[in-house]
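Given next are the chains, with one letter for each unit.
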Amino acid sequence: MKKRAMSPLNNSTLLLGAHMSIAGGVATAVERGQRIGCTTMQMFVKNNNQWKGKPLTDEDVSTYKKLLRESRIHPVVVHDTYLINLCAVDKEILKKSREALKDEFDRCEALGVQYLNFHPGAHMGAGEAEGIKRIAESLNVIHQRTPGYGVRSVIEATAGQGTAIGYRFEHLRKIIDLVEERERMAVCLDTCHVFAAGYDLSTERGYEETFREFDTIVGLDRLVAFHVNDSKRELGSRVDRHEHIGKGKIGIQGFSFLMNDPRFSNIPKILETPKGPEMKEDVENMRVLRGLIRKK
Ligand code: MN
Ligand code: MN
Ligand code: ZN
């Protein structure tokens, strides 16, 4: 084998991609990702605004697997549907949420997906402590019903909009601590959410401090994915509005720290920024992010 140039952050090993539409079936998401040069991607496994989705057929699964095998994309992250609230106060919604997330686990398992990313939940006035307890209970119920599944349970840090839980690293820690099958738990950091929650990723000091805190409270070993989004709103606003890379309040410098951080060189970085059907915006944002990597 030919020796490669000395470059620990080689573009060819960079795991960079975006959320891909599944309009036309899950396999089409792989096609879309491949078309724009993703090396990782995110998708839904059913319509994100409905409780129940059409079951995946054997053909859906085999086509998806074949296309993925032939692609450069690895790994795939699945994002849960927006209706799910793992700490809903309404008993009926809570039950539906648990069933819906369990169904997503089944879909991920059938597709061989490694990571299922979900939002912790919104306590709806019940209080954060109560919400955290209920989220962990929901996860325990779901884990019991999905024994031995390979897909990791990935909680996403949130901006803390409304009554959303997950805007402090301590929330994530407490949830993980209350989950029985702790080895199944992992974390995704969304740069927009974390920034809006008050962790300053825009300055070198803030960036270092944020990850020191994350490592102390949660542990970097739990971190399996980044959502790379700039933030339309300011630090600590607790408002979740994604912006194109470098066009928001985090700014290009913050993403430069992230793209050059050797601790995260093997962690998937996935865009969730606004875009049209042709995905030109994704292409541009990926180009900007790649361009930040300093050649060694
Ligand atoms: Mn999300
Ligand atoms: Mn996100
Ligand atoms: Zn968001």
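Refer to the structure above for everything that follows.
Rules behind the numbers
Sequence order sets the numbering: in each chain, residues are counted from 1 along the sequence as written. Here chains are named by letter from A upward and ligands by number from 1 upward, in the order in which they appear as written. Totals for whole chains, interfaces and linings use all residues, but because this is a predicted model, local features are given only for residues with pLDDT of at least 70 and pairs of side-chain atoms are given and counted only at 80 or more. Think of the side-chain values as coming from all heavy atoms in the structure, minus any hydrogens and water. Only N, O and S atoms count as donors, using a 2.8 Å limit from the metal and a wider 3.2 Å limit for Na, K and Ca, and since water is excluded some coordination spheres may look unfilled. Strands here mean DSSP runs of E at least two residues long; helices mean DSSP runs of H or I at least four residues long; both are numbered from the N terminus. Here a polar contact is recorded for every N or O atom pair within 3.5 Å, except that within protein the pair must consist of a potential hydrogen donor and a potential acceptor, and residues adjacent in sequence are included only if both atoms are side-chain atoms. We call two residues contacting when some pair of their heavy atoms lies within 4.5 Å. Side-chain atoms within 4.5 Å link the members of a nonpolar core, which is a set of buried Ala, Val, Leu, Ile, Met, Phe, Trp, Tyr and Cys residues. When a residue's accessible area, from a 1.4 Å probe over protein chains only, is under 20% of the maximum for its type it is buried; when over 50% it is exposed; and in between it is partly exposed. Throughout, the protein atoms alone are placed on a 1 Å grid, and a set of points is a cavity if a 1.4 Å probe fits but cannot get out or a pocket if it is open with protein on both sides within 12 Å along at least five of seven lines; lining residues have an atom within 4 Å of a point. Grid points are joined across faces, edges and corners, and a volume is the space filled by probe spheres set on the points. Just so you know the grouping, Ala, Val, Leu, Ile, Met, Phe, Trp, Tyr, Cys and Pro go in nonpolar, Asp, Glu, Lys and Arg go in charged, and all remaining residues, Gly too, go in polar.

Student: What is the right way to look at the coordination of the manganese ion (ligand 1) in this model?
Tutor: Ideal donor angles around a metal are set by the shape: a four-donor tetrahedron calls for 109.5 degrees, a six-donor octahedron for 90 or 180 degrees. For the manganese ion (ligand 1), every protein donor is listed as His 79 (NE2), His 119 (NE2) and Glu 156 (OE), and the spread of their distances is 2.1 to 2.3 Å. Look at where the donors of the manganese ion (ligand 1) fall in the sequence and you get H-x39-H-x36-E. Here the manganese ion (ligand 1) and the manganese ion (ligand 2) are spaced 3.2 Å apart, and both take Glu 156 as a donor. Taken together, the residues His 79 in strand 3 (residues 76-79) and His 119 in the loop between strand 4 (115-118) and strand 5 (121-122) connect sequence positions 40 residues apart.

Student: Would you mind going over the side chain of His 244 with me for this structure?
Tutor: Within the secondary structure, His 244 sits in the loop between strand 11 (242-243) and helix 8 (251-259). Among the polar contacts listed, one links the side chain of His 244 to the side chain of Asn 285, at a separation of 3.0 Å. Not counting residues within four places of it along the chain, the set of residues in contact with His 244 comprises Asp 230, Thr 273, Pro 274, Glu 281 and Asn 285.

Student: When you look at the nonpolar core in this model, what are you seeing that I'm missing?
Tutor: As a rule of thumb, nonpolar side chains are buried together in soluble globular proteins. With 79 residues, the main nonpolar core has Met 43, Tyr 64 and Leu 189 as its most contacted residues. With residues near it in sequence (within four places) discarded, Met 43 still touches His 19, Met 20, Ile 22, Val 26, Ala 29, Tyr 64, Val 76, Val 77, Val 78, His 79 and Leu 111. Counting residues in hydrophobic clusters, the runner-up holds eight residues, among them Val 77, Ala 186, Cys 188 and Ile 270.

Student: Sorry if this is basic, but what is going on with the coordination of the manganese ion (ligand 2) here?
Tutor: Coordination of the manganese ion (ligand 2) by the protein involves Glu 156 (OE), Asp 190 (OD), His 227 (ND1) and Glu 272 (OE), with metal-donor separations of 2.0 to 2.3 Å. Each donor residue of the manganese ion (ligand 2) belongs to the same chain, and together they define the spacing E-x33-D-x36-H-x44-E. For Asp 190, a relative accessible area of 0% puts it in the buried group. A residue is classified by how much of its surface remains accessible, and His 227, at 0% relative accessible area, is buried.

Student: In this structure, what is going on with helix 1 (residues 26-35)? I would like to understand it.
Tutor: Along an α-helix, residues three or four positions apart point the same way, because every turn accommodates 3.6 residues. Counted residue by residue, helix 1 has seven buried out of 10 residues, so it is predominantly covered. Buried within helix 1 are the following residues: Val 26, Ala 27, Thr 28, Ala 29, Val 30, Arg 32 and Gly 33. Where helix 1 is buried, its residues contact strand 2 (41-43), helix 2 (58-70) and helix 3 (91-111). Downstream of helix 1 by one or two residues, Gly 37 has phi in the positive range, about 85°.

Student: Help me understand the environment of Glu 104, please; the structure alone is not making it clear to me.
Tutor: Locating Glu 104 in the fold gives a position in helix 3. Between the C-alpha atom of Glu 104 and that of Asp 215, which follows or precedes it by 111 residues, the distance is 29 Å. Sequence-distant contacts of Glu 104, that is, excluding residues within four places in its chain, are made with Val 45, Lys 46, Val 78, His 79, Asp 80, Thr 81, Ile 84 and Leu 116.

Student: How should unusual backbone geometry be read in this particular structure?
Tutor: Excluding glycine, most residues fall at negative phi; most peptide bonds, likewise, are trans. Backbone torsion omega between His 74 and Pro 75 reads 5°, so that peptide bond is classified as cis. Relative to the helices and strands, Pro 75 resides in the loop between helix 2 and strand 3. The phi torsion at Arg 238 lies on the positive side, around 55°, for a residue other than glycine. One can find Arg 238 in the loop between strand 10 (230-231) and strand 11.

Student: What is the right way to read the layout of surface pockets from this model?
Tutor: A probe as big as a water molecule, rolled over the atoms, marks out the empty space that is left. One number sums up the size of the largest pocket: a volume of about 390 Å³. Lining of the largest pocket is provided by 21 residues; of these, Ile 22, Gly 25, Val 45, Lys 46 and Asn 47 occupy positions nearest its centre. Looking at the lining of the largest pocket, its residues break down into seven nonpolar, nine polar and five charged. Lining the second largest pocket are 17 residues; nearest its centre among them are His 119, Gly 121, Ala 122, Thr 158 and Ala 164. Its residues placed into classes, the lining of the second largest pocket shows seven nonpolar, eight polar and two charged.

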